[in-house]
Amino acid sequence: DNDRRKSCLSKISPSATPNKKEPIHQSQKHMKPKTIQSLLVAALLAPGALFAQTSSTTTPVGYVTENLVANSDTMIGVTVHNPTISAGTITAEASDKVTVSGADFTTLLTPLATYILELEDGTIQEITSWTATELFTPQDITALVVPNTTKYSLRKASTIKDIFGATNQVGLAFSEDGSTASADTILLPNGLGGFNTVFYYNDGFDEFWVNNDLEDVGDTAVIYTDGMIVRRKPGTDLDLVISGEVKVKPTNFVVAPGLNIVGSVYPVGVTLANTSFSTQVIASEDGSTATSDTIEIPNGSGGYNTFFYYDDTFDALWANPDLEDKGTEPLTSGYIFRSKSVGAKPLTQTTPF
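First things first, this report covers the structure right here in the doc. (Residues numbered from 1 in each chain as written. Predicted model: local features only at pLDDT ≥ 70, side-chain atom pairs only at ≥ 80, totals over all residues. Heavy atoms only, no water.)

Here's the deal with the packing of aromatic side chains
- Under the counting rule described, the total for this entry stands at eight aromatic pairs.
- On the basis of an interplanar angle of 55 degrees and a centroid distance of 6.1 Å, the ring pair of Tyr201 and Phe208 is categorised as tilted. The pair formed by Tyr201 and Phe208 is uniform in burial state, with each residue classed as buried.
- Residues Tyr266 and Phe353 carry aromatic rings whose centres are separated by 6.1 Å and whose planes lie at 85 degrees to one another, so their mutual orientation is edge-to-face. Of this pair, Tyr266 sits in the loop between strand S20 (258-263) and strand S21 (294-298) while Phe353 sits in the segment after strand S25 (345-349), and the two are 87 residues apart along the sequence.
- What links up through ring pairs into an aromatic cluster is the set Phe164, Tyr200 and Trp209. (Phe/Tyr/Trp six-rings, centres within 6.5 Å; stacked < 30°, edge-to-face > 60°. Buried < 20%, exposed > 50% of the residue type's maximum accessible area, 1.4 Å probe, protein only. Helix = DSSP H or I, 4+ residues; strand = E, 2+ residues; numbered from the N terminus.)

Below is the structure:
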C-alpha cells in the first residue's frame, strides 16, 4: 500500500520492557552501508549471466549484506524481494478490486499472507484478501487501470521471518524472559509517530519473533518502501544477508509531513540525482533547509548526513549544508525523508537500472 509511508518520531526512545507473560503463538490467535555481493552485481551488470524466469519476463536475482553495528542503531530497508508469482493483464476493475480472468488466486496465494500488487507505472497496493480471479485493493485505482491493457505483477511481501530468519538465523541477541533488557530489537514505524518493537524470544522451550505483548509477529509484512531500525546491544557486528529478486520498475509511495523512515527498494546504483526526487521535492532557494525537504543518510558512525535540492534559478543541484554538489551521493538501503509539505506527498522513485 503506497500509503504506508508515515511520519515517525525524530528522536527514538528506548523500547519499553514488558512484564514477563506467557507467549501467544500465531496459531493461538483468532486469526553501516550495505555491501552488494558479487552474485547480484553479476546479475545487474552482465544481463543474461544470472536470471530467474517469471512468467514471460526475466528478472535479476541475487543477495545483499547489511552490516548490523553492535551497540548502535542501524537503519535498513529491504532492497531485494520475494519472487513474482503472478504477472499478466488486468481484465476488469472496480473501486475496491481488480480482476484477472483465468487466474486462480485461491490456489496460488497463501491465506493470511500479504501480497504486493504492482502496476506498470509503479503504483503498489497491499493485498490481503482475494477470490479466485479478484484482488481487493485498499484504494480506488480505477483511474490508473485500462481493462485488457494494464499489466500487473504480484509478489508476496517480505516478512520478519523472511528477513531475519524464521529461527533468528541472523543471530540477534534474544530474550529468555520476555524482557528487552538484553535483547536486540527491530523498530518498525507504526504510522502514528512511533514504533512497533519486535524481538526474538527463546526460553529454551518456545522461540519465535514477538512484540512487547509477546504475541507472535514473525509474519508481519514489510512493504517495499518500509524502512526499519535494528537496535543492537553491545557485542559484535552482525551481517544480515537478504536474497531475492531485483525490482526493475519505478516505485510510487507517499511520505507524511515530518520525518519518514524509507526503504530504498533498489539494491545498487541509487544516488540522489537518479532518484528523480529533484522534480518532486520542495527545493531550497537560499541554501537553508528551513522550508525545504531533506534527505538524511546514515553516515556509518551513528549519525546522518543531510542533503536537499538547491535551486536558485542559476544553480540547481543536490547539495549538503555547505552547498557542495552531492548528486552522486549513494542512497543507503534505509534513509530519512523529512517532508515540509502540509499534507501527504506522493513520490516516485525511478529505477537506477
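Focus: the side chain of Glu134
- Tracing the sequence through the fold places Glu134 in strand S10 (residues 134-136).
- Take Glu134: its relative accessible area is 17%, and that puts it in the buried class.
- Aside from chain neighbours lying at most four places away, what touches Glu134 is Lys97, Val98, Thr99 and Phe105. (Contact = heavy atoms within 4.5 Å.)

A look at the sheet that holds strand S7 (residues 97-99)
- Spatial ordering of the open sheet is given by S6-S7-S10, a layout of three strands whose pairing is antiparallel. Here the strands that pair on one side only, and so sit at the sheet edges, are strand S6 (92-94) and S10. Taken over all neighbouring pairs, the strand axes of this sheet differ in orientation by 15 degrees on average, direction set aside.
- Pairing of S7 with S10, which is carried by three bridges, proceeds in the antiparallel orientation. Residue pairing in the sheet places Thr99 in a bridge with Glu134 of S10. (Pairing = 2+ DSSP bridges. Axes fitted to C-alpha atoms, helices over the stretch in contact; angles between N-to-C directions.)

Here's the deal with the environment of Val268
- When you line up the elements, Val268 lands in the loop between S20 and S21.
- Residue class for Val268 comes out partly exposed when judged on its relative accessible area of 27%.
- With 62 residues separating them in the primary sequence, Val268 and Pro330 have C-alpha atoms 8.8 Å apart.

Regarding the sheet that holds strand S24 (residues 334-339)
- If you trace the five strands from one edge of the open sheet to the other, you get S20-S24-S21-S22-S23, paired in antiparallel fashion. Pairing within the sheet leaves two strands with one partner each, and these edge strands are S20 and strand S23 (316-319). On average, each strand axis in the sheet is tilted by 25 degrees relative to the strand beside it, whichever way the strands run.
- With four bridges joining them, strand S22 (residues 304-311) and S23 adopt antiparallel strand pairing. Within the sheet, the bridge partner assigned to Tyr309 lies in S23 and is Trp318.

Focus: the nonpolar core
- In this structure, Phe277, Ile295, Tyr335 and Phe337 are the most contacted members of the largest nonpolar core, which totals 24 residues.
- Counting residues per element, the ones that place at least two in this core are strand S19 (251-255), S21, S22 and S24.
- Setting aside residues up to four positions removed in sequence, Tyr335 forms contacts with Met75, Phe253, Asn260, Ile261, Val262, Gly263, Ser264, Phe277, Ile295, Glu296, Pro298 and Gln349.
- Of all hydrophobic cores here, the second largest spans 23 residues; its members include Ile76, Phe164, Val217 and Ile242. (Core = buried A, V, L, I, M, F, W, Y, C linked by side-chain atoms within 4.5 Å.)

Some thoughts on empty space enclosed by the protein
- Reported here for the largest cavity is a volume of approximately 50 Å³.
- Along its surface, the largest cavity is lined by Val78, His81, Asn82, Ile116, Arg155, Lys156, Ala157, Ser158, Val222, Ile223 and Tyr224.
- Here the residues of the lining of the largest cavity sort into six nonpolar, three polar and two charged. (1 Å grid on protein atoms, 1.4 Å probe; cavity = no way out; pocket = protein on both sides within 12 Å on 5 of 7 lines; lining within 4 Å. Points joined across faces, edges and corners; volume = space filled by probe spheres on them. Nonpolar A, V, L, I, M, F, W, Y, C, P; charged D, E, K, R; others polar.)

Quick look at the environment of Leu144
- Of note, Leu144 is situated in the loop between S10 and strand S11 (151-156).
- As a C-alpha pair, Leu144 and Thr123 span 21 residues in sequence and 8.5 Å in three-dimensional space.
- Among all residues touching Leu144, those that are not within four sequence positions of it are Leu119, Asp121, Thr123 and Thr150.

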